[in-house]
Number of protein chains: 2
Amino acid sequence: MAITSWESLANEKRQATLNAIPTKWRIQEPIPPPSELRDVTGTYIQKFLTPREIEITELDAYGIAEKTTTGEWTAVEVTEAFCHRAALAHQFVNCLHEVFFDLAIEGAKRLDAYFAEHKKPLGPLHGVPISLKDQFHVKGVETTMGYVGWIGTFQGLKDDPRSRVFESELVRELRALGAVLYCKTSVPATLMCGETVNNIITYTNNPRNRLLGCGGSSGGEGALIALKGSPGGFGTDIGGSVRIPAVFNGLYGIRPSSGRIPYEGAANSMDGQNTILSVIGPLASTARSLQFLFKAVLEQQPWLHDPLVLEIPWRSELEQETRTLVEQSAKDPSKLTFAIMKHDGIVMPQPPIARALDIVERTLKQLGHKVIEWSPPSHKTGMELADAAYSLDGGADAQYHFGLSGEEPAPQLIVATGLPQKTALEIAKINVAKREYQKLYMDYWNSTSEVTGTGRPVDAVICPAAPHAAVIPTQYSHVGYTSVINVLDYTSVVIPVTHADKSVDVNVSREFLGELDENSYKNYDADVYDGAPAGVQMFGRRLQEEKMLVLAEYVGSVVKK
Amino acid sequence: MAITSWESLANEKRQATLNAIPTKWRIQEPIPPPSELRDVTGTYIQKFLTPREIEITELDAYGIAEKTTTGEWTAVEVTEAFCHRAALAHQFVNCLHEVFFDLAIEGAKRLDAYFAEHKKPLGPLHGVPISLKDQFHVKGVETTMGYVGWIGTFQGLKDDPRSRVFESELVRELRALGAVLYCKTSVPATLMCGETVNNIITYTNNPRNRLLGCGGSSGGEGALIALKGSPGGFGTDIGGSVRIPAVFNGLYGIRPSSGRIPYEGAANSMDGQNTILSVIGPLASTARSLQFLFKAVLEQQPWLHDPLVLEIPWRSELEQETRTLVEQSAKDPSKLTFAIMKHDGIVMPQPPIARALDIVERTLKQLGHKVIEWSPPSHKTGMELADAAYSLDGGADAQYHFGLSGEEPAPQLIVATGLPQKTALEIAKINVAKREYQKLYMDYWNSTSEVTGTGRPVDAVICPAAPHAAVIPTQYSHVGYTSVINVLDYTSVVIPVTHADKSVDVNVSREFLGELDENSYKNYDADVYDGAPAGVQMFGRRLQEEKMLVLAEYVGSVVKK
């Protein structure tokens, strides 16, 4: 059978990424199949590493910065350890698009020289390796975003002088903060998918349970960080693309409100669609690292370099106010109130997620917090608004980029064909409906001040991030839990809680909310999901990042106990 | 000749507004024609008022609040004085759409009772009359926005339960602050016009020179405040609609960046177009009143009630920082730097405006400030982006609303007919081009730190707000000076400087920048413009309201000296 041109291009690119891994780090022994070994994190990956490499890579971003900004650890040693571990991670689950370890080590040497000369770090991220979703342009490497037609181009444009030269604003800022960039992580082509699949790297598996997907679209980030091949990285989220891979891989991840982290100069799908803006947020293994990365970016005053970023610096007073609330609540837990939404009226969470929610609710109640039931305006309406926003162009953008190479989209990627584009009046109508929905939701939130007992509305709302703990390939069917938050432009953090456990997470007979719910019920397989991370989403109002990051740290810590 | 239905509806409505003025305040004597008396502000209007009414109405909003919030003046007395003066203003220049003096006086009585009972004001605007552009819904009266087809409806919808009941969010907040609402001011139908003309009130003249127009679209606000029939009011601005009437009437007016003042629940044109959002800003006779009104609204935490408002409270630290900069500059003026843009490369300002710019430049230089020349990215590009954003729907929204009654648009209102609507991809392309333009402009602004000598970029940029001092009816041809600022989403304040003076403001032979410029040159008539206010626009970066309001106070005061 003849190999078509796009297939050979994709194969070459896939091989080039593998070839970029130094020979010494290539795995020679066969990796057991998922049926024999689901989880390749922890002890399995450790087998390939030295104790020192394990010591370095198993510290979180915040902890690493404590070592590298004080000169206790060198940038080079830390960088090499993460390059090695990322190389292993990729060989386990196909989580990388671009590997540029040589450039990273060169950069780390410059940082060490800087420290030696100035006796101080370059910035708060001095010597901290940071991974990036393959939407960010980094000098020296290309950006494919999972499209075969982007190979050897700049966002599909041939002979563009920006190719392998131009850097996204966030990349410039991370460098200025002292971060070391060393790899770019896998995404589904189009970015509009809760799994990570494309014709270049094929499929990114979930490292905690390789029978499952790692989530998407920042799926490579989720998989890599779960394998501790990165202490933290940046993804993007227009419908859940930071939160889904974070929660599927047992991590923390934040979808900030739009206008806080600079998107300027990053590649994107459907660029210019501004009914719902995609936003950038970090993923990390600890809440403190998430906060640390978020805050570090703001120190760069991105509003002076990205016209869509708001001049809202890290608000220490809001952080402190929230910390005080948390501290006071140790004595008087009624000061801090939560709401819980067990389901969205469309799809019930499967047993592992329902149990995760129960754990959070029980824990908060045991601590004495008031936890009210969340009965918001219809999430179905919210989900329909999100779907409308995602399909304004009738699939034209995706069609165009697949068409550059003639590649066939993976079945998970629902690419509309032949649908008409929306007109100005139709788009305006959607924008008005979205604003009206936001207003309704806002008024509902305000109304909870009557039931919290604090005189204030609830501080945060807890709900599923997805109905399932990670995802059986091709079975992601309901993105509404995350996409409604994008419609509202709320701040949302996912928090790891537990793991799917086939001995307790069993389907019990129940009524269905509808067809989607019935399908989700039937697709639940306690055995296949066993071991997958099960977490929750916690959201706050718009532009409440400082508050939500502190509360995520609190809720994450009490749930862990 | 038979009167068509829309004409009789319009006549009835016009008459109803006049009838709502108490008989005692109706002018019996003939008002001299503009050819005999251009300026009806000042001594002319004072003839109809008592000394006490003059004392009250000639104080600015800030000054009035000092009296009414301390109980020195009652809300009723202040309200009655402004109702009287507004009634006169309307009879001079047709600046009102809705008159609800009875409701206002009732409200003022309640405020006085509140003060008597609690010995304190209801809020910072206790007893201060505030006028509103006829886009805001106020209980008890209707909103026509200049459309005959809206008479007796809610935004053109018949039998809508919100009619005469629903209130816009800003209205709710103004009431909570203690303001007294008493009238709504005239606008051009469609709002997309630099003059104020509609089939209901016909034309709003400029009270400083009735041969000219008052500007638009917040034209009634400009005319009313210039006549001191209001101490301050709120307009909206998508292309200059606050700044144009402010500068044409010798007032201060601010176009804030989007997301500060709540638009929620106000009527609008092309609602849902979100490439360039219309914003709300106050107009007033003094800079301190502008700041006072702006700050007061933020005290209501509008971000809890309008999903598009950003959680950015009044930043006292930014205000203070700017005040310190101003104070320090008395000793070391090099601390504060300005840029000046004498023209935008498209249309040169006519002589009165060129002179106003010269006055500002000379004053700032004499004080020792560095004033650099502003050489930004092409304003032609910016203006084209604005025009593209305004015409996404191909005129469909305006056509629809004119069609409700079948009325004929005034010739100034350029209403597209039969133009195709833009599609999703075309709109996305405009949005991307707009963002790229904003980025270019931002980078240019950053680059000025190399020439200011302060290490910082320029603090503010001064340029024309329009090429002309007010406008000869039907001759508004170039809105680019204001609309480019909307594309950039910058903060901009207009500052009164001088008046057109036929003895010095004469055309001198020069080369033209193009056809628009040549037309503007030819249309200049030193005699007709004589006496019209001539001011400038001063803009700062995005979301710099606190800074720009303080700088406007400073520049306005030094120019006055």
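What counts, and where the lines are drawn
- Residues numbered from 1 in each chain as written.
- Chains lettered and ligands numbered in written order.
- Predicted model: local features only at pLDDT ≥ 70, side-chain atom pairs only at ≥ 80, totals over all residues.
- Heavy atoms only, no water.
- UniProt positions renumbered as here; feature names shortened; annotations may be inferred.
- Salt bridge = Lys/Arg side-chain N within 4 Å of Asp/Glu carboxyl O.
- Helix = DSSP H or I, 4+ residues; strand = E, 2+ residues; numbered from the N terminus.
- Buried < 20%, exposed > 50% of the residue type's maximum accessible area, 1.4 Å probe, protein only.
- Pairing = 2+ DSSP bridges.
- Axes fitted to C-alpha atoms, helices over the stretch in contact; angles between N-to-C directions.
- Contact = heavy atoms within 4.5 Å.
- Buried area = accessible area lost by both parts, 1.4 Å probe.
- Polar contact = N/O pair within 3.5 Å; in protein donor to acceptor, adjacent residues only side chain to side chain.
- Least-squares fit on C-alpha atoms with pLDDT ≥ 70 in both.
- Domains from an automatic or database assignment.

As recorded by an unreviewed UniProt entry, chain A carries the name amidase and is attributed to Emericella nidulans. As its UniProt record puts it under Sequence similarities (unreviewed entry), chain A is described as follows: "Belongs to the amidase family." Its UniProt record gives chain A the following Catalytic activity (unreviewed entry) comment, quoted word for word: "a monocarboxylic acid amide + H2O = a monocarboxylate + NH4(+)".

Draft legend 1. Geometry of the pattern of salt bridges. All told, the structure shown has 69 salt bridges over all chains when counted by the stated rule. A salt bridge links Arg 164 of chain B to Glu 142 of chain B; its shortest N-O distance comes to 3.6 Å. A residue pair is termed long-range when its members are at least 10 positions apart, and Arg 164 of chain B in the loop between β2 (129-133) and α7 (169-176) and Glu 142 of chain B in the loop between β2 and α7 qualify at 22 residues. By relative accessible area, Arg 164 of chain B is classed as partly exposed at 44%. Of the charged contacts in the structure, one is a salt bridge between Asp 517 of chain B and Arg 510 of chain B, with a shortest N-O distance of 2.8 Å. One network of salt bridges, in which partners are shared, links Lys 13, Glu 98, Glu 142 and Arg 164 of chain A.

Draft legend 2. A look at the sheet that holds strand β1 (residues 96-99) of chain A. All names here are of chain A. An order of β1-β3-β2-β8-β10-β9-β14-β15-β13-β11-β12 is seen for the 11 strands of this open sheet, with the pairing classed as mixed. Of all strands in the sheet, those bounded by a partner on one side alone are β1 and β12 (370-373). Strand-to-strand, the axes of this sheet are offset by a mean angle of 25 degrees, without reference to chain direction. Of the pairings in the sheet, the one linking strand β13 (residues 460-463) to strand β15 (residues 533-540) comprises three bridges and is antiparallel in character. If you follow Cys 463 over to β15, its bridge partner there is Gln 537. Lying over the sheet, helix α20 (residues 545-560) contacts β9 (252-255), β11 (337-340), β13, β14 (491-499) and β15, oriented at roughly 10 degrees with respect to β14.

Draft legend 3. Layout of the interface of chain B and chain A. At the junction of the two partners, chain B supplies 39 residues and chain A supplies 39 residues. When the buried area of chain B at its contact with chain A is split by residue, Pro 307, Glu 311 and Arg 435 of chain B rank highest and sum to 17% of it. The tally of links from chain B across to chain A stands at two salt bridges. Between Arg 435 of chain B and Asp 271 of chain A there is a salt bridge; the shortest N-O distance is 2.8 Å. The interface formed by chain B and chain A includes 25 residue pairs in polar contact (both at pLDDT 80 or more). No other element matches the 11 residues that helix α15 (residues 424-447) of chain B contributes to the side of chain B that touches chain A.

Draft legend 4. Up close: the relation of the copies chain B and chain A. Superposing chain B onto chain A takes a rotation of 180 degrees plus a shift of 0.0 Å along the axis, which leaves an RMSD of 0.0 Å. One copy is carried onto the other by what is essentially a two-fold rotation axis. When each C-alpha of chain B is compared by its distance to the rotation axis, Thr 423 of chain B comes out closest, at 2.2 Å. When you check the interface residues of chain B against chain A, 100% turn up at the interface there too, and the contact is symmetric in its surfaces.

Draft legend 5. Quick look at the domain arrangement of chain A. All names here are of chain A. Taken domain by domain, chain A comprises domain 1 (4-26 + 37-302) and domain 2 (321-558). Distance from the C-alpha centre of domain 1 to the C-alpha centre of domain 2: 25 Å. With 55 residues of domain 1 at the interface, the matching set in domain 2 holds 68 residues. Roughly 4,800 Å² is buried in total at the junction of domain 1 and domain 2, and carbon and sulfur atoms are behind 60% of that figure. For domain 1, the biggest contributors to the area lost against domain 2 are Arg 243, Phe 248 and Thr 275; these three give 13% of the whole. At the boundary of domain 1 with domain 2, the tally comes to four salt bridges.

Draft legend 6. Spotlight on the environment of Asn 431 of chain B. Secondary-structure assignment places Asn 431 of chain B in helix α15. The exposure class assigned to Asn 431 of chain B is buried, which follows from its relative accessible area of 8%. As for Asn 431 of chain B and Ala 267 of chain B, which are separated by 164 residues in sequence, their C-alpha atoms are 24 Å apart. There is a polar contact of 3.3 Å between the side chain of Asn 431 of chain B and the side chain of Asn 274 of chain A. Within the structure, the side chain of Asn 431 of chain B is placed 2.7 Å from the side chain of Thr 275 of chain B, a separation counted as a polar contact.

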